[in-house]
Amino acid sequence: MLAVTKDAVCRLHLDYSFSSCFLHWHREDAPEALPSQTPPASKILKGQEESEAEAAPVPDAMQRKTEGGAETGRLRERKEPAKESDHCRDVSGGSLARADSDKEQQLRQEDAEFTSLKVSWEKAKFRLRLLEGHSDIVTCVVAVDNLVVTGSRDTTVKVWHVPTATEHKNLGGHTGGVTCLSAPPPECCKRLARSLSLSDKERFILSGSADCYVKIWALSIGQCVKSIYTFNAVTALCFVPEEDGYIVTGSDGGKVQAWSWHTFENCQSINAHQEAVTSIQSQGPLVFSGSAEGGVSVWENWCSDRDPLRLLHHWSGQVTGCGGGPGGRLTLSPRGDRVLLAYGRAWLKILHWRTGAMSRLTNHSSITGVTDCVHQTAGLLIGSCYDLANGESTLNLFSLPQCRYLASLTWPGAPRILCFAAWTTGSGDHRWVTGGHDLIVWEQLPVSGKQRGDVTAKRDSRLDSLLESEGDTEDDEESDDYEDDDDKYEGKDGRTDNAEDGGSGSWLRCILQ
């Protein structure tokens, strides 16, 4: 039995008496009775023993055991978060590994597709047919259904039937050289045809000329249905199909103008460039204009009756690196956020028009090569190239969107190519028309067929270089002139800039005059 000491009983008695008095006093003021919170004597004694036991010294062996257990617990607590972080690392590492694996698999698939495409173009065969009728240089060409429409410095617009390679119509009316053509889409043609009491299937062609006129031609009847006097020699034009439609023209003085397709009245005139506007292209509501001094402007069509064009970006020739002195010719080909620029050098420039970042794509392995036009069609980037030294003309093919070199097409005595139009037939074969000194139709032949092609497909491994990014454009322009011979393309091209301008710019000036 547990022995109770005399002192403990006295202390218990005093504590109990004090608790009773406190409860008696509190009961008078309290709204209701509260139960006694003093524990029984047995529990008090038991608590006292426990406190004495805690105060008593602990044997060394037991203390070491206890401390060891506590230390083990603390170590276990430390290790558990480590295990959790290791698990997170394992999960994130696995995700990264899977992402790398997926990316590697995608790259392998792209390489396999590119290799297959490259092999097919190395075996490509084309039949060439010469279209005769123009008496001077062909400056522009567009395709409409089975028809090809061309403009020439001889002041005429001609319509050709491609399957038979014959002249379909001769559209005369300009008094100056024809510099540009554009074909409105069928839905816009339908509205104009109804207003002129023509068939809903009528197609129209726009032509611009050095005589300051834009003429609208109805192809089926071969007549001019509308003439717009612009007060400036027209050097470029395009059609914007947004809302009721707009005609956008560029002049030899650098002016960009918008004209209503509904009323044919002038909506806007802007002094956009310092020199002649040599190329205008549309992409949805966006309009891209390029000029002889190398500047590129991006416009947004607001579809208003007055001042429909709003300038989004303007990149000067110092940024694009396409400045080549007076008389140069800049050709644009926009797609997405990129605009491809051809300006009579051995390479193509690619402008990321939202940021102004520039890339360069080699289009000729020699410093004497010049690029006159660029075109994008059916996953292909096509750049014309002419060697001023030996007179060889080629079309270089690159895959899109990676811009990887596929093959070059040429034939003996190929003329310099200034303009290009392309489309695909119902069977998926390519059909192209190139203009310049000669007007030629390219018709792709089946690879398995016995018919021999007129074009030789070859590869120049020196064009296999990938896109070159350009950082500081001003420094890059200086380096074009002063870089060492170690850079096969950049340095050599830079030292012959003036020679190329004299060889190509002066020749191209004749086209715009």
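The text that follows walks through the structure, step by step, so that each part is easy to find. None of these values were measured; they are calculated from a predicted model. Numbering of residues starts from 1 in every chain and runs along the sequence as written. Two thresholds apply to this predicted model, a pLDDT of at least 70 for residue-level local features and 80 or more for giving and counting side-chain atom pairs, whereas whole-chain, interface and lining totals are computed over all residues. Hydrogen atoms and water are omitted, and side-chain values are computed over all heavy atoms in the structure.

Moving on, we come to the overall build of the protein chain. The number of helices and strands found in the protein chain is eight helices and 31 strands. Between buried and exposed lies partly exposed: a residue is buried under 20% and exposed over 50% of the maximum accessible area for its type, with that area taken using a 1.4 Å probe on protein chains only. Each of the 513 residues in the protein chain was classed as buried or not, and the buried ones make up 45%. For the protein chain, the share of sequence-separated contacts (at least 6 apart) that also reach a separation of at least 24 residues comes to 50%. Computed by Shrake-Rupley with a 1.4 Å probe, the accessible areas treat only the displayed protein chains as cover when residues are assessed. Counting every atom, the protein chain has about 26,300 Å² of accessible surface; 51% of that belongs to carbon and sulfur. Comment: elements are numbered from the N terminus, with helices defined as DSSP H or I runs of at least four residues and strands as E runs of at least two. Should any heavy atoms of two residues lie within 4.5 Å, those residues are considered in contact.

Turning next to the side chain of S289. Tracing the chain through its elements places S289 in strand β15 (residues 286-291). For this analysis, a polar contact is any N or O atom pair within 3.5 Å, provided that within protein one partner can donate a hydrogen and the other can accept it, and provided that sequence-adjacent residues contribute only side-chain to side-chain pairs. Only 2.8 Å separates the side chain of S289 from the side chain of H273, close enough to count as a polar contact. Engagement of the side chain of S289 in a polar contact is seen with the side chain of W299, the distance being 3.1 Å. When neighbours within four sequence positions are excluded, S289 is seen to be in contact with V256, H273, V277, S279, I280, G295, V296, S297, W299 and L332.

Hydrogen bonding along the main chain pairs the strands of a sheet, whether they run parallel or antiparallel. What makes two strands pair is DSSP finding at least two bridges between them. Taking strand neighbours across the sheet as the criterion, the four strands line up as β2-β3-β4-β5 in an open arrangement whose pairing is antiparallel. At either end of the open sheet lies a strand with only one pairing partner, and these are β2 (138-144) and β5 (166-171). Going across the sheet, the axis of each strand differs from the next one's by a mean of 25°, ignoring polarity. In this structure, β2 lies alongside strand β3 (residues 147-152), joined through six bridges in antiparallel fashion. Residue pairing for β3: V138 is matched across the bridge by S152. In this description, a line fitted to the C-alpha atoms serves as the axis of each element, helices being fitted only across the stretch in contact, and the angle between N-to-C directions of two axes falls anywhere from 0 to 180 degrees.

Another point: the pairing of strand β13 (residues 266-271). With five bridges joining them, strand β12 (residues 255-260) and β13 adopt antiparallel strand pairing. Bridging across to β13, W259 finds its partner in N266. Where β12 hands over to β13, the hairpin turn is made up of five residues, of which F264 adopts a positive phi near 65°.

Turning to the side chain of H273, a few remarks are in order. Locating H273 in the fold gives a position in the loop between β13 and β14 (277-283). Here S291 takes part through its side chain, which lies 3.3 Å from a polar atom of the side chain of H273. When residues no more than four places from it in sequence are discounted, the contact partners of H273 are G253, G254, V256, S289, G290, S291, E293, G295, V296, S297 and H314.

Below, the discussion takes up the packing of aromatic side chains. Any pair of aromatic rings gets described here by the distance separating the centres and the angle formed by the planes. A pair of Phe, Tyr and Trp rings is counted when the ring centres sit within 6.5 Å of each other, with Trp represented by its six-membered ring. The angle between the planes then sorts it: under 30 degrees is stacked, over 60 is edge-to-face, the rest tilted. Summed over all chains, the structure comprises 13 aromatic pairs. Three or more aromatic residues link up through ring pairs in this structure, and these residues are W121, F126, W411, F420, W432 and W442. The lysine or arginine in question, K215, covers the ring of Y213, its NZ or CZ lying 5.1 Å from the ring centre. Lysine and arginine charges are scored as sitting over a ring when NZ or CZ, respectively, is within 6 Å of the ring centre and within 35 degrees of the ring normal. Over the ring of F114 we find R404, and its NZ or CZ is 3.9 Å from the ring centre.

Our focus in this paragraph is the sheet that holds strand β11 (residues 246-251). Spatially, four strands are ordered β10-β11-β12-β13 in an open sheet, and the strand pairing comes out antiparallel. Bordering the open sheet on either side are β10 (234-240) and β13, each of which pairs with just one other strand. Across the sheet, the mean angle from the axis of one strand to that of its neighbour is 15°, orientation sign disregarded. Looking at chain direction, β11 and β12 are connected through five bridges and run antiparallel. When the sheet's bridge partners are listed, V248 is paired in β12 with A258.

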